[in-house]
Structure formats: C-alpha cells, structure tokens
Amino acid sequence: MSEIEQLEQRIENLPPQDLAKFRAWFVEFDARVWDAQIEADSKAGKLDGLIDEALADYKAGKAREL
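All of these numbers come straight from a predicted model, not from anything done at the bench. (Residues numbered from 1 in each chain as written. Predicted model: local features only at pLDDT ≥ 70, side-chain atom pairs only at ≥ 80, totals over all residues. Heavy atoms only, no water.)

Draft legend 1. Highlighting the pattern of salt bridges. One pass over the structure, following the stated rule, counts three salt bridges. Of the charged contacts, one joins K43 and E39 as a salt bridge, the two residues approaching to 3.1 Å between their closest N and O atoms. Residue K43 and its partner E39 are located together in helix α2 (residues 16-43), separated by four residues, close to a single helical turn. The exposure class of K43 is exposed, given its relative accessible area of 68%. For E39, a relative accessible area of 45% corresponds to the partly exposed category. With its nearest N and O atoms 3.8 Å apart, the salt bridge here joins D41 to K46. (Salt bridge = Lys/Arg side-chain N within 4 Å of Asp/Glu carboxyl O. Helix = DSSP H or I, 4+ residues; strand = E, 2+ residues; numbered from the N terminus. Buried < 20%, exposed > 50% of the residue type's maximum accessible area, 1.4 Å probe, protein only.)

Draft legend 2. Up close: the side chain of D41. With respect to the element layout, D41 can be found in helix α2. Residue D41 is classed as buried on the basis of its relative accessible area, which comes to 16%. Of note is the side chain of D41, whose polar atom sits 2.8 Å from the side chain of Q37. In this structure, D41 is in contact with K46 and L47, ignoring residues within four places of it in sequence. (Polar contact = N/O pair within 3.5 Å; in protein donor to acceptor, adjacent residues only side chain to side chain. Contact = heavy atoms within 4.5 Å.)

Draft legend 3. Layout of the environment of V27. Its place among the elements puts V27 in helix α2. Judged by its relative accessible area of 59%, V27 falls in the exposed class.

What follows is the structure, given as structure tokens:
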C-alpha cells in the first residue's frame, strides 16, 4: 500500500471532530502552498503576460466594476 493510500485510509477512519480539525488545517496549508507558488511565479515573471493583458484590457475600457 502506498503512502498516499495509507493516508487516505487513516483520514477516512478519523472521528468527525478530528476530521473537522484536519480539514481546517488542510485548507490553511493548501492556501499557504498556493500563495508561495503564486509568489514564486510572480518573481520568475511567469505572470507578466497575464498582467500585461489585464492592464491592456483595462486601458481599453474592457473592465467592469466588481
């Protein structure tokens, strides 16, 4: 059994209160990983094209208020 399968089995067997704690922890963990990836991509210039496109659309009046 792989490590992932073992984790899945352990998670499936958690009592409801522990599952709720795990879910809350995982949401926070996942957000931190996502933020770190976005920051790394930004520093590497991987988002520059998207930024340029968004600014061009905004300047062309293609943006709308949220």
